[in-house]
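Chain by chain, the residues run as shown.
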Amino acid sequence: MALLLSTGAVLAGPGAAGHHDGEVAYGKPGDPKKPARLVQVTMSEKDGKMAFIPDRIEVRRGEQIKLTMRNNGELDHELVLATLEENLKHAIEMQKNPDMEHDDPNAKRLMPKKTGEIVWQFTKAGEFDFSCLIPGHREAGMTGKIIVK
């Protein structure tokens with residue numbers, strides 16, 4: 001039982017739970033004192049569909065990005081940056097605990113009409129995921145891809 005509980009705790013955090021100061025597969029927390037390319041991301045829902053605009057972001061390896069997010073919708077939304085595998089695993093945990101909120105270096109939850117930001121440095125090439133992991137939101141289309149070249 002203790003092993004089961006400890007495994008759940010590891011999966012409960014977005015992406016690299018408990019390791020926010022270190023580098024993970026998709027990079028590391030950025031330094032807000034250093035220059036960053038600004039990328040604006042809007043969160044919304046309409047006609048049963050949910051979306052991030054844009055839903056595809058291209059980044060150069062080593063580049064630091066400041067994602068400035070605005071929730072233009074009527075519901076809470078979040079952006080969780082991770083590998084696709086990590087986000088899919090975490091989405092399962094969110095089904096069990098839908099009120100779990102994220103305010104980590106790689107994740108931010110926003111109430112309607114609110115703004116937030118994530119500063120992140122992409123240190124490795126690859127394709128990475130960002131999703132809203134509130135139950136039903138990813139499935140309604142609220143997911144995107146970051147391509148690091």
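Scroll up to find the structure.
Residues numbered from 1 in each chain as written. Predicted model: local features only at pLDDT ≥ 70, side-chain atom pairs only at ≥ 80, totals over all residues. Heavy atoms only, no water.

Visitor: What's the story with the pattern of salt bridges in this structure? I'm lost.
Guide: Side chains bearing opposite charge may pair, as long as their charged atoms lie close to each other. Across all of its chains, the model carries 11 salt bridges by this definition. For the salt bridge of Glu85 with Lys89, the shortest nitrogen-to-oxygen distance reads 3.9 Å. Here Glu85 pairs with Lys89, and both are found in helix α2 (residues 84-96), just 4 residues apart, close to one helical turn. Look at Glu85 and you get exposed, because its relative accessible area is 55%. Its salt-bridge partner being Glu93, residue Lys96 comes within 3.6 Å of it at the nearest N-O pair. Remark: Glu93 and Lys96 occur in helix α2; sequence separation between them is 3 residues, near one turn of the helix. With a relative accessible area of 13%, Glu93 lands in the buried category. Overlapping salt bridges, with partners in common, bring together Arg37, Arg60 and Glu63 in one network. (Salt bridge = Lys/Arg side-chain N within 4 Å of Asp/Glu carboxyl O. Helix = DSSP H or I, 4+ residues; strand = E, 2+ residues; numbered from the N terminus. Buried < 20%, exposed > 50% of the residue type's maximum accessible area, 1.4 Å probe, protein only.)

Visitor: Looking at this structure, how should I read the nonpolar core?
Guide: Ranked by size, the top nonpolar core spans 26 residues in total, and within it Val41, Phe52, Ile57, Leu67, Leu79, Phe122 and Ile146 carry the most contacts. Elements with a contribution of two residues or more to this core: β2 (37-46), β3 (49-53), β4 (56-59), β5 (64-71), β6 (77-82), β9 (115-121), β10 (126-131) and β11 (143-148). In contact with Phe122, other than residues within four places in its own chain, are Tyr26, Gly27, Val59, Arg60, Arg61, Gly62, Glu63, Ile65, Leu81, Ile146 and Val148. (Core = buried A, V, L, I, M, F, W, Y, C linked by side-chain atoms within 4.5 Å. Contact = heavy atoms within 4.5 Å.)

Visitor: What exactly am I supposed to notice about the pairing of β5 here?
Guide: Strand residues, when the strand is regular, have side chains that alternate between the two faces of the sheet. With respect to burial, β5 is a largely interior element, 6 of its 8 residues being buried. Of the strand pairs in this sheet, β2 and β5 are connected by 7 bridges, and their pairing is parallel. For Arg37, the partnering residue across the bridge sits in β5 and is Ile65. Of the pairings in the sheet, the one linking β5 to β9 comprises 7 bridges and is antiparallel in character. Across the sheet, Leu67 pairs through a bridge with Ile118, a residue of β9. (Pairing = 2+ DSSP bridges.)

Visitor: Mind showing me how you'd approach the environment of Trp120 here?
Guide: Note on placement: Trp120 falls in strand β9. Sequence separation of Trp120 and Pro29 is 91 residues, and the distance between their C-alpha atoms is 4.7 Å. Discounting chain neighbours no more than four positions away, the residues touching Trp120 are Val24, Tyr26, Gly27, Lys28, Pro29, Gly30, Glu63, Gln64, Ile65, Leu81, Pro105 and Asn106. A polar contact of 3.0 Å, which involves the side chain of Trp120, links it to the backbone oxygen of Tyr26. (Polar contact = N/O pair within 3.5 Å; in protein donor to acceptor, adjacent residues only side chain to side chain.)

Visitor: I'm lost on the sheet that holds β2 in this one. Help?
Guide: The strands making up a sheet associate through backbone hydrogen bonding, with each pair oriented either parallel or antiparallel. Ordered in space as β1-β9-β5-β2-β3, the 5 strands form an open sheet in which the pairing is mixed. The sheet terminates laterally at β1 (28-29) and β3, the two strands that pair on one side only.

Visitor: Sorry, what's going on with unusual backbone geometry here?
Guide: The omega angle of the peptide bond from Ile53 to Pro54 is 0°, so this bond is cis rather than trans. Mapping Pro54 onto the fold places it in the loop between β3 and β4. Of note in this structure, Asp47 is not a glycine but carries a positive phi near 55°. With respect to the helices and strands, the residue Asp47 is situated in the loop between β2 and β3. Residue Asp47 is classed as exposed on the basis of its relative accessible area, which comes to 72%.

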